[in-house]
Amino acid sequence: LACLDHISSLPCALLPVARLVQACRAAGFERVFVDGAHAPGHHGGAALAPPVFQAVIQQDLAAMQRVLRQDPDSGRAVEGVTGFTALTLAANIGNTEMMRALVDAPGIEINHADALGFTALIYLSAAGNVAGIKLLLAKPGLVVNLANSEGETALMCAAHKGHLSAVQLLLK
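Reading guide: rules and limits
- Residues numbered from 1 in each chain as written.
- Predicted model: local features only at pLDDT ≥ 70, side-chain atom pairs only at ≥ 80, totals over all residues.
- Heavy atoms only, no water.
- Helix = DSSP H or I, 4+ residues; strand = E, 2+ residues; numbered from the N terminus.
- Buried < 20%, exposed > 50% of the residue type's maximum accessible area, 1.4 Å probe, protein only.
- Contact = heavy atoms within 4.5 Å.
- Areas by Shrake-Rupley, 256 points an atom, 1.4 Å probe, with all protein chains shown as cover.
- pLDDT = per-residue confidence, 0-100.
- Salt bridge = Lys/Arg side-chain N within 4 Å of Asp/Glu carboxyl O.
- Core = buried A, V, L, I, M, F, W, Y, C linked by side-chain atoms within 4.5 Å.
- Axes fitted to C-alpha atoms, helices over the stretch in contact; angles between N-to-C directions.
- Parallel < 35°, antiparallel > 145°, perpendicular 65-115°, else oblique.
- Left-handed = near helix turned anticlockwise from the far one by under 90°.
- Nonpolar A, V, L, I, M, F, W, Y, C, P; charged D, E, K, R; others polar.
- Phe/Tyr/Trp six-rings, centres within 6.5 Å; stacked < 30°, edge-to-face > 60°.

1. Section: the overall build of the protein chain
Next up, step 1: Assigned secondary structure in the protein chain consists of nine helices and two strands.
Next up, step 2: The 172 residues of the protein chain split such that 45% are buried.
Next up, step 3: Taking all contacts inside the protein chain whose residues are at least 6 apart in sequence as the whole, residues at least 24 apart take part in 66%.
Next up, step 4: Carbon and sulfur atoms form 56% of the exposed surface of the protein chain, whose accessible area is close to 8,600 Å².

Written out as structure tokens, the structure reads:
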């Protein structure tokens, strides 16, 4: 039995859960237990997550925009365990349209780092999400060279994953 604990608090853009399970099975583990209790919105059920998080998790752009209109400060919410904001969550999921709406919302901190030190830019770079990287690079105040808890910058993550287009963008 392989036990992958707190798996959803890890950056899924770097190593998706499905690939971890495949790796465990390839290593000879017939049974793999995945504990996803620390995913944003899953502490006692998604209904307990702030509405902006629920909309991002469900990838419902219209609902997210509605929440931001009704409560402009909701975009600043920080999830207590993972440290995600709506922007880092949208970047982790790879939803550029949601990110576009979020970066223009009042009070959004584009350089916010989650509990592992990952910023939206680091998530996007690790996934090779060129559209998302371009979106953030166009925003004033973006700090490109922030490092995560492992000391890796967005550029390092993009290079490590072999995302040449992302590397080229980040070097400009």
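2. Re the confidence of the model for the protein chain
Next up, step 1: Model confidence for the protein chain is summarised by a mean pLDDT of 82, while 79% of its residues fall at 70 or above.
Next up, step 2: Mean pLDDT across the elements of the protein chain bottoms out in strand β1 (residues 2-4) (60) and peaks in helix α7 (residues 130-137) (97).
Next up, step 3: Across residues 9-15 the pLDDT falls below 50, and counting only partners more than four positions away or on other chains, this stretch makes 18 contacts in the model.
Next up, step 4: Every residue in residues 40-46 scores below 50 in pLDDT, and together they form 17 contacts with partners more than four places removed in sequence or on other chains.

3. Quick look at the pattern of salt bridges
Next up, step 1: Considering all chains together, one arrives at three salt bridges under this definition.
Next up, step 2: For Asp73, the salt bridge is made with Arg76, and the minimal N-O distance between the two is 2.5 Å.
Next up, step 3: Exposure remark for Arg76: the relative accessible area of 44% places this residue in the partly exposed category.
Next up, step 4: Two residues, Asp104 and Lys139, come together in a salt bridge whose shortest N-O distance is 2.7 Å. With Asp104 in the loop between α5 (96-103) and α6 (120-127) and Lys139 in the loop between α7 and α8 (154-160), this pair connects stretches of sequence that are 35 residues apart.
Next up, step 5: Residue class for Asp104 comes out exposed when judged on its relative accessible area of 55%.

4. As for the nonpolar core
Next up, step 1: In this structure, Met64, Leu87, Met99, Leu102 and Leu136 are the most contacted members of the largest nonpolar core, which totals 41 residues.
Next up, step 2: At the level of secondary structure, the elements contributing two or more residues to this core comprise α2 (51-57), α3 (61-70), α4 (86-93), α5, α6, α7, α8 and α9 (164-171).
Next up, step 3: Those residues in contact with Leu87 that lie beyond four places of it in its chain are Met99, Leu102, Val103, Ile108, Glu109, Ile110 and Ala120.

5. Quick word on the packing of α6 against α7
Next up, step 1: Direction vectors running N to C along α6 and α7 enclose 150 degrees, while the axes themselves pass 8 Å from each other. On the basis of their axis angle, the class for α6 and α7 is roughly antiparallel. As for the relative orientation of α6 and α7, their crossing is left-handed in sense. Contact with α6, carried on its side by Ala120, Leu121, Leu124 and Ser125, involves Gly132, Ile133 and Leu136 of α7 and no other residues of that element.
Next up, step 2: Per-class residue counts for the contact of α6 with α7 are five nonpolar, two polar and no charged.

6. Description of the packing of aromatic side chains
Next up, step 1: Considering all chains together, one arrives at two aromatic pairs under this definition.
Next up, step 2: Three or more aromatic residues joined by ring pairs form one cluster here, namely Phe84, Phe118 and Tyr123.

7. Observations concerning the environment of Ala127
Next up, step 1: By the element assignment, Ala127 lies in helix α6.
Next up, step 2: Assessed through its relative accessible area of 40%, Ala127 is described here as partly exposed.

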